[in-house]
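Listed here are the chains, written in short residue letters.
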Amino acid sequence: MPDDREKRFACSTKTYSKDNEIIKLFLSTESLKIQCFFQSGSELDSKEMLSVFTSGGLAPNLVIVNSTYSGIFHFNLTLVSDQIFWLIDIPRENITENTDIATVEEWLVRVTLHEGLDIYETEGTLLDVVREPIIQWNLGESMIDTELHDLYPHVVDLKVTKCPCSNDVALMGFVLNSTYNGVYIGMTFSGFWDYNSTSWFDLTSLIYDHLQEEHKGLTVIDMVLTNHFLVILTSLGLFVSSDLRYLIAPNLKLSRADFCGFERVDYIKGKLWYNERCFANREHFEVDYVTITFDRNRTLSESSSCFYSKEPFIDWLPCLPYNIKDTKYMPTVITFLLDQEHNTGIYLLHTEIVRLTTVSVYTFKDKKPSNIPKFPPFHFPNSFSSPIGMVFHPRSHFLYAYGNQVWLSMDGGNSFELIANLQGDYILNTFHSYFTSDITFASKSGMVFFTKAGLMKYTNIGKLNESVVTLYYDHLGFIHKLTPEKFDSGKSTGLGNSKSIFGLPPDLGFETALAPQYITTDEMVFFAYVPKNTRAISLFKKTFRNMHTGKLIQFGKKGKAYIKSVLTHRSVLNFMTSVITNIEEPFGVEDVGQSPCISSTLSIEHSKSNEYILHLDNNNADAVFQDTDVEKTVMIPGYSSFLIISILDPKRALSLATMPMAAETNKTFAAEAWFLYNFGQSNGRQWTIRPRPCQFWFQQLNDVSLSLNLIKYVDVGTSQNFTIKIIHHTNNKPLLEVPPLKIVVGNPTLLEVKSEGSFDESDTYYSQIITSSRLSHQGFTTVAIIVWEASTECYVTTMVPTLKSSCSYLKTMHHIPSTYIPPEDWISGVHKDSQGFNMIKTLPVNYRPPSHMGVAIPLTDNFYHADPSKPIPRNLFYKSKQSGKYKQCANASSRAECNCTNDQKISHAIAFSDCKEKVHRFKFPVSQYPIVLKIFSEEKTIPVKLPYLVTVTEVNMRENWQLKHDLSEGVRKMKNYLEPILHTSVYNPSGLNLSIRGSELFHFRVSVIPGVTFCNLVEEFQIYVDEVPLPFPGHALIAVATAVVLGGFVFTAFIFQLRNIHPLRACQRCLLGNRLTLSNTSMDNS
């Protein structure tokens, strides 16, 4: 990849930028416009570079993703003559149609440009500023720079909290000393990249409004920003905001939570605890909990020194269940966390009298901790003597307990494994990035340790030298160092990574000698030398620790070895610890110029214990031991190695055997049979321990979103599959057939999770993870996919998808009309069939369908094509006047004020009937119309068929319609069982046909019965029946009149026949008589 071009490829919302900066995009009510270009010394050079790509038909692609969404957009290929950038203009509705204030997940933006095999890429974030809750509010009185600068000398600590779904949205509060009063909070929605872009607010008067007592000593102690609320712990009480989703007034409103018997001395030692999870597309079982703990012993009149509450954080309840309260030695609650994945409460408890630290897990019932333990208590060893806290890594089930040690649990608190032992130091704060799985621990001494979520290894990345400082991860996982007066994001050196903040990682080596010992040609053990009479306080400075696992031992000349594991020894004197390593590059050995002794033969004499005397050949005058050979190691392949600890004379040296059982004392080794390694430190240490470069690539094969924390939904009877590819790139021998993946399910009782893995010929590992529903229970679980051997230097080591046993918000059911009508025909209102019949009906204004009482007497409350400014037809009868209610057009005076969107105008939902203008039109009668239903989800489209069963209703209570369906024996049994429960008819969606004998509009709702899916699958559709014969009573009256007339004729004929009356003959005689009379008259005249 051409690095110079990659660095110069950039995108921005500005016309042109020469700064290499992260893309920060904001989605407003307007369209999203992005420009991409190549940075250069002049705009002319940039334009020439663009022309090279566009002439070849190349333009960038934009990918917008989050945990549930993925969209691809293409930049315009054609450039305007004066443009020096590619441009893309995306309407808001193409990304999201919602505009209500709600918790929404910030998007990741990737812009890529392909040129042959080269890929230019830049990335950033996209925040919906229309919907993000906290930024809609005015937190308090705005502060100017001079007011802010006056606070700096009084700041003793910083507290940062960030939005669970949009980590670029964050708040920072100043903790002040006793010489200053007030609550001062800074807010950013671009991730604390620029100090000047942070808005600062004074909330002091807002807090004072709730205080009755003295106002002195007010300051921020801790803060938590949940999905919907802001919780602020101050020195004078706990304050909770109103629901941030409901913007009743522009100014933030706070309420105070009262804790009886607690005063300022208690609040300043309080702490808030929160299990951070994003509740975008929130389920009914997802709710935020916050815990407050006070560092004090509770009195007899107090129920607890620990309280918890769920949103809206009005009622605060004691944390401790009764059986813990009744123990002999009352433990102190260090932390209490709610684990919604297991529906449990997890306690970190410490009993100072017996110096015991435990984790207890209790089930939750009725939203309260019960006295039923989920697991037996986990007892930490006595060495974990200073517990400070416990925290879940965001959006995962990784539970970390920290203090003077760091422990990790992956099973909900049932068991823990030791990660770090800090020996005299202890962790004060933890900082997390859900996006990159980064975890940073800051200790009391200022040391900063780093690990990846789920890994059992860690490293030291630097030290915080500032007196008032904190760390913060933004949405992309870039780390920032924050102080009261400035933010350090490493812009000048590396854009927000730990090396740009702290510099190169420190050498993790320690001041002692290492004694290497070959195990095989590819494995070597290094023993750490501990001299006699070493003080106990200094022992940890001469031993290997867990921190060294996964690192590289590098030698100055050449050579490096990967540390696989750390061992502790009790029987080997002077070697308390060792490490097993894989040799990645052979180490350099000493030559004759550096150590003349290697030109001699060597014999070994046992002295005492594991001490041995090394003898050189007395006949070789040039071969002698030198003082510089102290702490060098004699390596004899196949035998024990010997660490030289002193020179007795030029031909003899005292040494320690690394493996006394393999020391050979009855043999003389030739000069070519032994080697000398210099891993000492007395003459200057030449070896170092540093993080191992990443040797694994993590790739998802069947997911285009590229999200490491994607959310998948598992409905009843469905499954989800993931395919993971792990590429091990190294020049060493092929990897052993040991799967590099570790898969841990957070709640294995909720879903069934299986995995299948295999290696290919290139030692690439493929793993397919199959998850399927097990019970008809709703909930969620996380599945941790960990490359356990990966280095902390890898960008991706862990993937934590969330599986929800629930209904996807993207899963819907739709009716498929028998005839497809293009969108442009719906706009025009004309779509004719082969016989010239228009299949679209434009409904009259303020239309209401007929009822069973007649066409002119509508009884439904639903208006169609509503317009409050126009008269309401068919509104003459009393019952019609009492019915009919506007929904979208309520309180509107015209149709324009109804604010109907285009989507609402074509929607079939009864909720938007006011906006509905056009419907499908059919000729009377409608016979055997097929009701075809399909279910659409993010993965696939399936027809609605068994085991799905449906109910069908007409929402306007109309009659004269009938359904037919395939009625098998199984369906018949289900109908007989379900219909008494549901109080409605149940149908088989397969072969479902509709016949209508009525006129005008019919509005049907089809619903899938509960139990076969977690989704509330409902679809509505309308049919307008036109060209109907005269309706009742006209048709009936004509028929009756015709029958009466015909009956009258028959009856008259019958009477005439009965009376022997022959009207025909009478008529004939009458006519003949008239003719004869006329003839006689004519004769008389003649």
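Please refer to the structure placed before this passage.
Residues numbered from 1 in each chain as written. Predicted model: local features only at pLDDT ≥ 70, side-chain atom pairs only at ≥ 80, totals over all residues. Heavy atoms only, no water.

Draft legend 1. Broad picture of unusual backbone geometry. That bond from E311 to P312 is cis: its omega, 15°, falls within 30 degrees of zero. Along the polypeptide, P312 turns up in the loop between strand 20 (306-310) and strand 21 (317-318). Of note in this structure, Q423 is not a glycine but carries a positive phi near 50°. Looking at where Q423 falls in the secondary structure, it is placed in the loop between strand 30 (417-421) and strand 31 (427-432). Judged by relative accessible area, Q423 falls into the partly exposed class, the value being 38%. At S437, a residue that is not glycine, the phi angle is positive and equals roughly 65°. (Helix = DSSP H or I, 4+ residues; strand = E, 2+ residues; numbered from the N terminus. Buried < 20%, exposed > 50% of the residue type's maximum accessible area, 1.4 Å probe, protein only.)

Draft legend 2. Looking closely at the state of the cysteines. This model, assessed by the stated rule, comprises 7 disulfides. For C807, the disulfide goes to C1015, at an S-S distance of 1.9 Å. Looking down the S-S bond of the C807 and C1015 bridge, the torsion is 105°, so its handedness is right-handed. Note that C807 is positioned in the loop between strand 59 (802-805) and strand 60 (812-816) and C1015 in the loop between strand 69 (1000-1008) and strand 70 (1018-1026), a separation of 208 residues in sequence. (Disulfide = S-S within 2.5 Å.)

Draft legend 3. Inspection of the nonpolar core at higher detail. Residues F380, F398, Y400, L514, F526 and F679 are the most contacted members of the largest nonpolar core, which totals 58 residues. One finds I931, V952, L1017 and I1023 within the second-largest nonpolar core, a separate group that totals 33 residues. (Core = buried A, V, L, I, M, F, W, Y, C linked by side-chain atoms within 4.5 Å.)

Draft legend 4. Highlighting the layout of surface pockets. Taken as a whole, the second largest pocket encloses approximately 1500 Å³ of empty space. What lines the second largest pocket is a set of 44 residues, and nearest its centre among them are E97, N98, Y809, L810 and T812. Within the residue set of the lining of the second largest pocket, elements represented by two or more residues are strand 60, helix 10 (902-906) and strand 70. Split by residue class, the lining of the second largest pocket holds 17 nonpolar, 15 polar and 12 charged. (1 Å grid on protein atoms, 1.4 Å probe; cavity = no way out; pocket = protein on both sides within 12 Å on 5 of 7 lines; lining within 4 Å. Points joined across faces, edges and corners; volume = space filled by probe spheres on them. Nonpolar A, V, L, I, M, F, W, Y, C, P; charged D, E, K, R; others polar.)

Draft legend 5. Summary view of helix 11 (residues 969-982). Between the first and last C-alpha of helix 11 there are 20 Å, a value that for 14 residues agrees with the 20 Å anticipated at 1.5 Å per step. Within helix 11 the residues assigned to the buried category are V971, K975 and L978. At the exit of helix 11 stands H983, carrying a positive phi of roughly 60°. (Expected span 1.5 Å × (residues − 1).)

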